[in-house]
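Chain and residue survey
What follows is each chain in one-letter form.
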Amino acid sequence: MSAERSRLPALKDRVMENDWVRFAISPGLGLGWVVLLLFLPMTVILAISFSVPGDFGNVIYEFTLENYRRFWESAVYKNIILESLFYGVVVTALALPFGYTAGYFLGRSKTDWKWILLGLVVLQYWVPFIIRTYAWIIILSNNGVLNQLLMGVGLLDAPLDIMYTTYSMVLGLTVSLLPFMILPVYVSVSTIDEDQIHAAKTLGATDFRAFREITLPQSLPGIVSGVLFVFIIGAGAFLAPTLLGGPDTRMIAPVIETVFILDFNWPFAAALSVIYFGVIGLLLYLFTRRVDLEEALDTGGAV
Amino acid sequence: MATDHATTGETDVDAERGYFGITLPSHVKWNLVRATTVVVYVLMILPLLVIVLNSFNPSRLGNFPPQSLSLRWYEALLADGLMLRALVNSLQVGIAAALCAGLVGTLTAMGFVRKRFRLKNGLVIVLLSPLLVPPIIVGVAATIFFGQLGVGRSLWWLIVMHTLLGLPYAFLIIRSQLYLFDETLEEAARTLGADRLTTFREVTFPIIAPSIVTAMVIVFVISFGEFTATQFWVERTTTTVPVVIFSMLRTSISPKIDALATVMLVVTIAVPALLLGARRWLFEH
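Residues numbered from 1 in each chain as written. Chains lettered and ligands numbered in written order. Predicted model: local features only at pLDDT ≥ 70, side-chain atom pairs only at ≥ 80, totals over all residues. Heavy atoms only, no water.

Observations concerning the overall build of chain A
If you tally the helices and strands in chain A, you get 16 helices and 2 strands. When its C-alpha atoms are laid out on the principal axes, chain A stretches across 85 × 55 × 40 Å. In the form shown here, chain A has an accessible surface area of approximately 14500 Å², with 67% of it arising from carbon and sulfur atoms. Looking at charge distribution, chain A has the averaged site of its 18 positive side-chain charges lying 7 Å from that of its 24 negative ones. (Helix = DSSP H or I, 4+ residues; strand = E, 2+ residues; numbered from the N terminus. Areas by Shrake-Rupley, 256 points an atom, 1.4 Å probe, with all protein chains shown as cover. Lys, Arg positive; Asp, Glu negative; His and termini not counted. Charge placed at Lys NZ, Arg CZ, Asp CG, Glu CD.)

This is the structure:
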């Protein structure tokens, strides 16, 4: 009995000191989580995208290229992917100047309100997308807050018809994504040594030139990170196109949902997912040839 | 050419012209920056205030500004079993995912900062990849995967998947704290005879604990608000608040949604803010 007891801690130590066991517990746990719950499922949908759709969401495991042929031969689905990327670019192009300006203000301002303003951006990050999106329904609808106020003061006779159009979708999505631009820009602008800017101006540089040659290059990591997050989340948006967009606003995420839930066509939904992820992956690959992906994610991710 | 500061000539003339050939005094430019910032903040904050105000508006049609204030939509909320169920589910899943991601994130970050292994840089991207895969694809892929395995829908499903979605954030936050950590402290403890576990408990954990709390708060917030992937993973008994709000928006818009959204705002802002505020106090002993 006593021999048993003395052997147990030794066994425990041997197990704990084993390199494989320690790898499995420490970095391996997180890696395993991602591989098991993300990589493996993505491999499964890759396999299923080459299968035949059965009735009611069933999958018949016979190899076919039919799902990809269907995508390739229909202009509709190809255009939806292109439109998603287009809206991603539009939203990024709008969020960049506004988000940069606000982030720049936060980084350079000496106001006492700075910490409150910064806190408001972080809180904005935390507000669920469903709420940020829903707010625009209340505001922009025909009998919404904006129209009631404008008609109340007599500026409008008939309600402004902007809800359920591409404009309302782009507006709502851009505002939702602004914090993802503001915060990384703030982080990189606030680390710039102000003496450099003063020195440049003392040496005769104009405001514009000092900005272009000192502030802009040093805030580039923030811009890169903001653009990465805003573009990926924007192009893949589900709520904004579904709730704020019009009948002519088509984006890939709602379409995948429809094929998956309403058409119950799992193999085709899988094929669309694979194609869309392929496109995003290709863009990311081109991106990483110029930029350190880990650094960009770190700047934007660790709020 | 712009790099050669000795030959100023042309570039300086260009710079003097400023934007579109207009030169503005510095304080005017700064005021433009300030004004744009105000616009950005109004666009971000005002919509949320409208929701909160509307939730106290007795009118069903949401006449704005409200003529009077009432709690009728909160009373309606309390009488709605499905909504309360969703709220309890969301809280349970959020708390469980936060604890889970806190644990997994801590161990993983420790491994990545302290250990040497092959392909480390590539494996970091693996760990961060949930940030890069669009949530709609995460949603569809997990549904098909678990469906093929025959796993039934339960809150566990949500917990493990929300842990996955929060893990990159937890990892990044805890890792950045570990980078600032003085490793000689651990070596000293080990030299003095402490085993790994004791070293962790007595030295490492107290120092990185604040960042673990931050990480868990962020993961709770992500879990509590996640919709796009989660919509595929729930059924009636395991539904969450964002999914309930979404399905209500599809059927009929009622001010009850504003009340539920306001409750959600309070949970997602007040609770984390309080926790982060108490963080320092919690670990000062």
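Some remarks on the UniProt feature "transmembrane region" (unreviewed entry) in chain A
Residue and element names in this part refer to chain A. With numbering aligned to this structure, UniProt lists the feature "transmembrane region" (unreviewed entry) at residues 20–48, 85–106, 115–142, 162–187, 222–244 and 264–287. Between the C-alpha atoms that bound residues 85–106 there is a distance of 30 Å. The span itself is 100% helix and 0% strand. Along residues 222–244 the backbone is 87% helical and 0% strand, and the end-to-end C-alpha distance reaches 29 Å. (UniProt positions renumbered as here; feature names shortened; annotations may be inferred.)

Description of the interface of chain B and chain A
Taken residue by residue, the interface counts 97 residues in chain B and 87 residues in chain A. For the pair chain B and chain A, the number of links is 3 salt bridges. Asp207 of chain A is the salt-bridge partner of Lys29 of chain B, the closest N and O atoms lying 3.3 Å from each other. Taken together, the connections running from chain B to chain A amount to 12 residue pairs in polar contact (both at pLDDT 80 or more). No other element matches the 17 residues that helix 2 (residues 26–55) of chain B contributes to the side of chain B that touches chain A. Partitioning the side of chain B that touches chain A into residue classes produces 68 nonpolar, 20 polar and 9 charged. (Contact = heavy atoms within 4.5 Å. Salt bridge = Lys/Arg side-chain N within 4 Å of Asp/Glu carboxyl O. Polar contact = N/O pair within 3.5 Å; in protein donor to acceptor, adjacent residues only side chain to side chain. Nonpolar A, V, L, I, M, F, W, Y, C, P; charged D, E, K, R; others polar.)

Observations concerning unusual backbone geometry
Residues other than glycine seldom take positive phi values, yet Tyr164 of chain A does so here, at roughly 60 degrees. Inspection of the secondary structure assignment puts Tyr164 of chain A in the loop between helix 8 (145–152) and helix 9 (166–190). A positive phi angle is found at Leu119 of chain B, which is not glycine, with a value near 60 degrees. Its place among the elements puts Leu119 of chain B in the loop between helix 4 (81–114) and helix 5 (120–128).

Re the pattern of salt bridges
Residues and elements named next belong to chain A. Applying the stated criterion across every chain, the model contains 14 salt bridges over all chains. Glu194 is the salt-bridge partner of Lys110, the closest N and O atoms lying 3.0 Å from each other. Of this pair, Lys110 sits in the loop between helix 5 (75–108) and helix 6 (114–126) while Glu194 sits in helix 10 (residues 194–202), placing them 84 residues apart in sequence. The partner of Lys201 in a salt bridge is Asp207, with the nearest N and O atoms 3.3 Å apart. Overlapping salt bridges, with partners in common, bring together Glu66, Arg69 and Glu73 in one network.

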